[in-house]
Amino acid sequence: MNDETTGTQDTRAGSPGEGTGTGPRPEPLRFFGTTWVNHDNGYAARRVGTAAGSLAAAAAACLILRFAYQGIQIADVGSFVTLLVIVMFAICSALAFGHTWETFKKRPDPDRQASLRGLLAIGFVGSLLAYFFRSLVEAPGETLHRQEYETALTQHEKRTSRRTRNPSKKRRGA
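What you see is a predicted model, and the numbers here were worked out from it, not measured in a lab. (Residues numbered from 1 in each chain as written. Predicted model: local features only at pLDDT ≥ 70, side-chain atom pairs only at ≥ 80, totals over all residues. Heavy atoms only, no water.)

We now examine the environment of isoleucine 72. By the element assignment, isoleucine 72 lies in helix α1 (residues 43-75). Between the C-alpha atom of isoleucine 72 and that of threonine 82, which follows or precedes it by 10 residues, the distance is 6.7 Å. If sequence neighbours within four positions are ignored, isoleucine 72 has contacts with Val77, Thr82 and Val85. (Helix = DSSP H or I, 4+ residues; strand = E, 2+ residues; numbered from the N terminus. Contact = heavy atoms within 4.5 Å.)

Here it is, written out as structure tokens:
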């Protein structure tokens, strides 16, 4: 059941833990694959690793931003420009944190995602911190994917349980 294909389309593999049968397959998460379904195959270690990795990346990003700030100070562009740069990074990071946090709860609109690409690039520290905090609780996006997967399983059960016999062998006649 640890196949790395995407989507919850009806292909093969039934309920969590089964390797055969028909039904929806869980959508893999980045860094987790499909281990989020049963919390197996190193799920806990992956959560610890992603939390540590995202926190380390955020710390490294802050260090890079500090070097950028020092470069602005050396360039002596003035306090107004320095303040604008600091406020821009702070606001973009806060917005990126909020947007990233919301994408763990519901699927983002692709058009809105494309329009926010620049803001998310500037506020990358906020996105990294959102990933870190979510990794402390669950695999980022696990709740959303679990809801979608359970809905797909329920729909598949309804579709397959409606017909219990082969309709071509139905008795006809008087």
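Next comes the rest of the description.
Here the focus is the confidence of the model for the protein chain. Summary statistics for the protein chain give a mean pLDDT of 85 and a share of 80% for residues scoring 70 or more. No element of the protein chain has a lower mean pLDDT than strand β1 (residues 10-12), at 39, and none a higher one than helix α5 (residues 124-137), at 96. Low pLDDT (under 50) marks residues 1-20, which in the prediction has 65 contacts with non-local residues, meaning those over four places away or in another chain. (pLDDT = per-residue confidence, 0-100.)

We now examine unusual backbone geometry. Peptide bonds are trans in most cases, and residues, glycine excluded, mostly fall at negative phi. Positive phi, close to 75 degrees, is recorded for phenylalanine 31, a residue that is not glycine. Checked against the element boundaries, phenylalanine 31 lands in the loop between β2 (22-24) and α1.

This brings us to the packing of aromatic side chains. For the structure on display, the rule yields 8 aromatic pairs. Seen from their ring centres, phenylalanine 32 and tyrosine 43 are 5.8 Å apart, and the 50 degrees between their planes marks the pair as tilted. Of this pair, phenylalanine 32 sits in the loop between β2 and α1 while tyrosine 43 sits in helix α1, and the two are 11 residues apart along the sequence. When sorted by exposure, phenylalanine 32 lands in the same class as tyrosine 43, which is buried. Pairwise contacts between aromatic rings join Phe31, Phe97, Trp101, Phe104, Tyr131, Phe132 and Phe133 into one cluster. (Phe/Tyr/Trp six-rings, centres within 6.5 Å; stacked < 30°, edge-to-face > 60°. Buried < 20%, exposed > 50% of the residue type's maximum accessible area, 1.4 Å probe, protein only.)

This part covers the packing of α1 against α5. As a packed pair, α1 and α5 sit with axes 8 Å apart at the nearest point and diverge in direction by 160 degrees. Relative to α5, the element α1 is oriented roughly antiparallel. Regarding α1 and α5, the two cross each other, and that crossing is left-handed. Contact with α1, carried on its side by Arg47, Thr50, Ala51, Ser54, Leu55, Ala57, Ala58, Ala61, Cys62 and Leu65, involves Phe124, Val125, Leu128, Leu129, Tyr131, Phe132, Ser135, Leu136 and Val137 of α5 and no other residues of that element. (Axes fitted to C-alpha atoms, helices over the stretch in contact; angles between N-to-C directions. Parallel < 35°, antiparallel > 145°, perpendicular 65-115°, else oblique. Left-handed = near helix turned anticlockwise from the far one by under 90°.)

A surface patch of nonpolar side chains, about 370 Å² in accessible area, is lined by Val77, Phe80, Val81 and Leu84. The class of phenylalanine 80 is exposed, set by a relative accessible area of 58%. (Patch = residues over 30% accessible without salt bridge, like charges linked within 9 Å, V, L, I, M, F, W, Y side chains within 5 Å. Areas by Shrake-Rupley, 256 points an atom, 1.4 Å probe, with all protein chains shown as cover. Salt bridge = Lys/Arg side-chain N within 4 Å of Asp/Glu carboxyl O.)

Right, let's get into the nonpolar core. Leu29, Phe32, Trp36, Val37, Tyr43, Phe104, Ala130, Tyr131, Ala139, Tyr149 and Leu153 together form the largest nonpolar core, which totals 11 residues. Where this core is concerned, the elements lending two or more residues are α5 and α6 (142-162). (Core = buried A, V, L, I, M, F, W, Y, C linked by side-chain atoms within 4.5 Å.)

Turning next to the packing of α1 against helix α2 (residues 79-103). Running from N to C, α1 and α2 point in directions that differ by 165 degrees, and their axes come no closer than 10 Å. One way to sum up the angle between α1 and α2 is to call them roughly antiparallel. The handedness of the crossing between α1 and α2 comes out as right-handed. Across the interface between the two elements, Leu65, Tyr69, Ile72 and Gln73 of α1 pack against Thr82, Val85, Ile86 and Phe89 of α2.

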